[in-house]
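# Coordinates in review
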Amino acid sequence: MKKITSTKRETAAAFLKKVAKEFGFNSNGFSIYLNRNKTGEILSQNKALSLLKIKHGDMLFLYPSSSPGTSSEVMDVASPHSSSSLPSTSSSSSASSSSFPSSSSSMLRSHSSPQIQEDEIDQFLAKQEGKIYRNRDPQLCRHGPMGKCVHCVPLEPFDEDYLNHLDPPVKHMSFHAYIRKLTGGADKGKFVALENISCKIKSGCEGHPPWPDGICTKCQPSAITLNRQKYRHVDNIMFENHTTADRFLDFWRKTGSQRMGYLYGRYTEHKDIPLGIRAEVAAIYEPPQIGTQNSLELMEDPKAVAVEEIAAKLGLRKVGWIFTDLLSEDTRKGTVRYSRNKDSYFLSAEECITVGHFQNQQANACRLSPDGHFGSKFVSVVATGGPDNQVHFEGYQVSNQCMALVRDECLLPCRDAPELGYAKESSTEQYVPDVFYKDTDKFGNDITHLARPLPVEYLIIDITTTFPKDPQYTFSSSQRFPIENREALGETQDFHSLATYLSQCSSSSFLDIVSDFHLLLFLVTNEVMPLGDSIGLLLDAVKTSNEELAQTWKKSEQWATIEQLCSTVGVQQSGSLDYAMGGPSAPASSSAMWSCQHCTFMNQPGTELCEMCSLPRS
């Protein structure tokens, strides 16, 4: 930020020349505006600055015209006409001192960037009024029906008394209510910037040798005092129906091993909380993983890109993840152990680190942040035992402070105490700022502790997880196509299972048959006949529930080929059934290797099914 001193009678043309000389621009290499949103441009003319309503202490905004595509590098955080909040260096009647941001701050102050594309739900809520309207109190209100008083005037969406008196009470205001609180003062948020915490040494400091040989106050990150976050980015998690969750739990019921999956759905408005956001879950995708009774290990997923593309074409996105922590207590009663509670932990430190890792991968686009992102709307759901020893779904997020600690590799789990984390100590390879948290002793005094160890309750934000009274179905198929990556259960996605699935859905409409997330994924990713380039019309039909589009795609050559493959598999299955019942046997296999007519794979002699595509030899 720089100050340009000029007189009130100075012309705009002379003033622009001063600015160009100060910043090193040529005469037409920049533009100056009165407002941050590029309105009120100051043109080179012979009018005096006083006639342009530019007075002492005003903030003006400079944008280099040579790089119009980089307007996200806004060169200021203040707004025009803010002389009352800036120190005055001379009399307003004698001089006009206008301030500009310097080029060094342009990369740090980008929260007003029009280039940042926020989520649709954020754009929608930003346009809402958000006021909490109250009816006239017949006992306390002494005015007419058209009047308002302190007992019935609309409340702000961040009113803590209102949130605390809801049933149940709301501990965290919504993120958009928090933004309204920041921007609701006299300055209307002119100086608001949501800064992301950094635990790393700032680069570019040349006054001393690099760490570990030197460090100074300019490049040293500030110490962090952990506070319980007052807001949350998502206020509710809702599964569209019980079927989605039950199918996910079937793996644990049949194997006793833990399981995880990614939640795909959409973000919508949550009307029970002012300016709230709800994550609606429509499908669960289970990536390759190795699960035991006490652990989970994720494997590399070759289908990850295809899943994201299919979900995007269906109008869905990855909104979170879910994992089980279940241990059977009584198999006859069907009860599970109640292990996560206030006496143990709700999320372990290792789980908090995993959640922070996922949230950093799915950052939330935000126009008020210099980095273009702030926090995350990615949610975590734990399927675990509740107080009644039944399966409960608990939703969580971790705070932005935890995200920063995880991103900069400053947080570690404790081996023997899952409810405790540990802030790393500085080493020759990494400088770690001090991390503190506050607690209250038995006398009511605030005590500051070093976060070695750290109770993870300071990092956790709980989110209500619900199921609707009236089930909703983005995917309306009444039958169940096998879920991917469940070979441990003997469930495989191949043309045998597809033929069985289609035979079970013979009485349903074609749209209902193909309206299954796992079936669509198989059609796109199978190795025999992937439909990645030709399934767009079918995905549009499922997205819009359009039976005509589905029937149009059904007449395509691709579906005819799939039906032919399924019918071939069906003939082989019926032949195998006849053989098992004492009917005619299959011809003897040749003693030579044979080539599959479907995929050309060379198979060993003595086999009737292709080892690559599982289709019959004949």
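Residues numbered from 1 in each chain as written. Predicted model: local features only at pLDDT ≥ 70, side-chain atom pairs only at ≥ 80, totals over all residues. Heavy atoms only, no water.

## So, the layout of surface pockets
Note the following rule: Buried and open spaces are told apart on a 1 Å grid over the protein atoms alone, a cavity being a set of points where a 1.4 Å probe fits but cannot get out and a pocket being an open set with protein on both sides within 12 Å along at least five of seven lines. Residues with an atom within 4 Å of a point are the lining residues. Grid points are joined across faces, edges and corners, and a volume is the space filled by probe spheres set on the points. Note on conventions: DSSP H or I runs of at least 4 residues are helices, E runs of at least 2 residues are strands, and numbering of each starts at the N terminus. Each residue gets one label: Ala, Val, Leu, Ile, Met, Phe, Trp, Tyr, Cys and Pro are nonpolar, Asp, Glu, Lys and Arg are charged, and the others, such as Gly, are polar.
The calculated volume of the largest pocket comes to roughly 1,100 Å³. Contributing to the lining of the largest pocket are 42 residues, with Lys171, Arg232, Asp462, Ile463 and Thr464 lying nearest its centre. Looking at the lining of the largest pocket, the elements that each hand over two or more residues are helix 3 (160-164), strand 18 (379-385), strand 19 (391-398) and strand 25 (460-466). The biggest single contributor to the lining of the largest pocket is strand 25, with 6 residues. Across the lining of the largest pocket, the residue classes tally to 16 nonpolar, 13 polar and 13 charged. The computed volume of the second largest pocket comes to approximately 870 Å³. Lining the second largest pocket are 29 residues; nearest its centre among them are Asn294, Ser295, Arg340, Ser348 and Glu351. Per-element tally for the lining of the second largest pocket: the top contributor is helix 7 (residues 349-361), with 5 residues. Each residue belonging to the lining of the second largest pocket can be placed in one class, and the counts come to 15 nonpolar, 8 polar and 6 charged.

## Considering the sheet that holds strand 20 (residues 411-413)
Heads up, the rule is: Strand pairing follows a simple DSSP-based rule, namely that at least 2 bridges must link the two strands. The contact definition used throughout considers only heavy atoms, calling two residues in contact when any of these lie within 4.5 Å. Convention adopted: a line fitted to C-alpha atoms gives each axis, helices being fitted over their contacting stretch, and angles between N-to-C directions are expressed from 0 to 180 degrees.
Ordered in space as 20-21-24, the 3 strands form an open sheet in which the pairing is antiparallel. The two strands at the open ends of the sheet, each matched to only one other strand, are strand 20 and strand 24 (454-455). Where strand 20 and strand 21 (residues 420-423) come together, 3 bridges link them in antiparallel fashion. By the bridge assignment for strand 21, Pro413 is matched with Gly421. Along the sheet, helix 7 contacts strand 20 and strand 21; its crossing angle with strand 20, the most-contacted strand, is approximately 140 degrees.

## Brief notes about the packing of aromatic side chains
Worth spelling out the cut-off: Pairing of aromatic rings covers Phe, Tyr and Trp, the last counted by its six-membered ring, and requires centre-to-centre distances within 6.5 Å; plane angles under 30 degrees mean stacked, over 60 mean edge-to-face, and any other angle means tilted. Think of it as a cone above the ring: NZ of Lys or CZ of Arg counts as a charge over the ring if it is within 6 Å of the ring centre and within 35 degrees of the ring normal.
Across all of its chains, the model carries 21 aromatic pairs by this definition. The rings of Tyr262, Trp321, Phe323, Phe358 and Phe378 are connected pair by pair, giving a single aromatic cluster. One Lys or Arg, Lys318, reaches over the ring of Tyr262 and ends 4.2 Å from the middle of that ring. Stacked on the ring of Tyr267, the Lys or Arg Lys377 has its end atom at 5.6 Å from the ring centre.

## Details of the pairing of strand 2 (residues 30-33)
Put simply, the rule is: To sort residues, take the accessible area from a 1.4 Å probe on protein chains only and compare it with the maximum for the residue type: under 20% means buried, over 50% means exposed, and anything in between is partly exposed.
Every second residue of strand 2 is oriented toward a common face, with Phe30 and Ile32 on one face and Ser31 and Tyr33 on the other, all of them buried. One ladder, built from 4 bridges, connects strand 2 with strand 3 (residues 61-64); its direction is antiparallel. Note on strand 3: the bridge partner recorded for Ile32 is Leu62.

## A short note on the confidence of the model for the chain
Keep this limit in mind: A score between 0 and 100, pLDDT records how confident the predictor is in each residue.
Counting all residues, the mean pLDDT for the chain is 83, and 87% of those residues have values of 70 or more. For the stretch residues 101-114, pLDDT sits under 50, and the model shows 47 contacts to residues farther than four places along the chain or on other chains. A low-confidence stretch, residues 571-590 (pLDDT under 50), is modelled with 16 contacts involving residues beyond four sequence positions or located in other chains.

## Comments concerning the sheet that holds strand 6 (residues 224-226)
Consider a sheet: its strands pair through backbone hydrogen bonds, and that pairing is either parallel or antiparallel. The strand order across the open sheet formed by 3 strands is 6-22-23, and the pairing between neighbours is mixed. Strands with a single pairing partner mark the edges of an open sheet, and in this sheet they are strand 6 and strand 23 (446-450). Each strand of the sheet is rotated relative to its neighbour by a mean of 35 degrees, with strand direction disregarded. Here 3 bridges tie strand 6 to strand 22 (residues 435-440), and the two strands are oriented parallel to one another. Counterpart to Ile224 in the pairing with strand 22 is Val435.

## A look at the packing of helix 9 (residues 495-504) against helix 11 (residues 517-525)
Cut-off, in case you're wondering: Under this scheme an angle from 65 to 115 degrees is roughly perpendicular, one under 35 degrees roughly parallel, and one over 145 degrees roughly antiparallel; angles in between are oblique. Note on convention: near helix rotated counterclockwise from far helix by under a right angle means a left-handed crossing. Clockwise means right-handed.
Interaxial distance between helix 9 and helix 11 falls to 12 Å at its minimum, and their mutual angle equals 140 degrees. Regarding the angle of helix 9 to helix 11, the classification is oblique. In this structure, helix 9 crosses over helix 11, and the sense of that crossing is left-handed. Contacts between helix 9 and helix 11 involve Phe495, Leu498 and Tyr501 from the first element and Leu519, Phe522 and Leu523 from the second. For the contact of helix 9 with helix 11, a count of residues per class yields 6 nonpolar, no polar and no charged.

## Details of the packing of helix 7 against helix 8 (residues 400-407)
Where helix 7 meets helix 8, the closest approach of the two axes is 8 Å, and the angle between their N-to-C directions is 90 degrees. When the interaxial angle is binned, helix 7 and helix 8 end up roughly perpendicular. Contact residues: Cys352, Ile353, Gly356, His357, Gln359 and Asn360 in helix 7; Cys402, Met403, Val406 and Arg407 in helix 8. Taken together, the residues of the contact of helix 7 with helix 8 break down into 5 nonpolar, 4 polar and 1 charged.

## Some details on the pattern of salt bridges
Inclusion rule: Each reported salt bridge corresponds to a side-chain nitrogen of Lys or Arg within 4 Å of a carboxyl oxygen of Asp or Glu.
A complete count under the given rule lists 23 salt bridges for this structure. Arg367 serves as the salt-bridge partner of Glu118, at 3.9 Å between the closest nitrogen and oxygen. In this pair, Glu118 is assigned in the loop between strand 4 (96-100) and helix 2 (120-126) and Arg367 in the loop between strand 16 (363-365) and strand 17 (373-376), connecting sequence segments 249 residues apart. Residue classification places Arg367 among the partly exposed residues on the basis of a relative accessible area of 36%. Across the salt bridge formed by Arg317 and Asp119, the nearest N and O atoms sit 3.2 Å from each other. Here Arg317, found in strand 13 (residues 317-325), pairs with Asp119, found in the loop between strand 4 and helix 2; they are 198 residues apart in sequence, far enough to count as distant. Take Arg317: its relative accessible area is 33%, and that puts it in the partly exposed class. Classification of Asp119 as buried rests on a relative accessible area of 18%. Ionic contacts of the salt-bridge type, sharing partners, join the residues Asp119, Asp122, Arg317 and Lys377 into one network.

## So, the pairing of strand 23
Strand residues, when the strand is regular, have side chains that alternate between the two faces of the sheet. As paired strands, strand 22 and strand 23 are joined by 5 bridges and run antiparallel to one another. Within strand 23, the residue paired with Lys438 across the bridge is Thr448. Connecting strand 22 to the antiparallel partner strand 23 that follows it, the hairpin turn spans 5 residues, and Gly444 within it adopts a positive phi of roughly 85 degrees.

## Describing the environment of Lys181
In this fold, Lys181 is placed in helix 4 (residues 175-182). Considered as a pair, Lys181 and Pro157 are 24 residues apart in the sequence and their alpha carbons are 8.3 Å apart.

## Notes on the state of the cysteines
Definition in use: For the purposes of this analysis, a disulfide is any pair of cysteine sulfur atoms at a distance within 2.5 Å.
Taken as a whole, this structure holds 0 disulfides when the rule is applied. Cysteine Cys149 shares no disulfide, and the gap to the nearest cysteine sulfur, in Cys141, comes to 3.6 Å. Take Cys216: it sits in no disulfide, and the sulfur closest to it among the cysteines is that of Cys205, at 3.3 Å.

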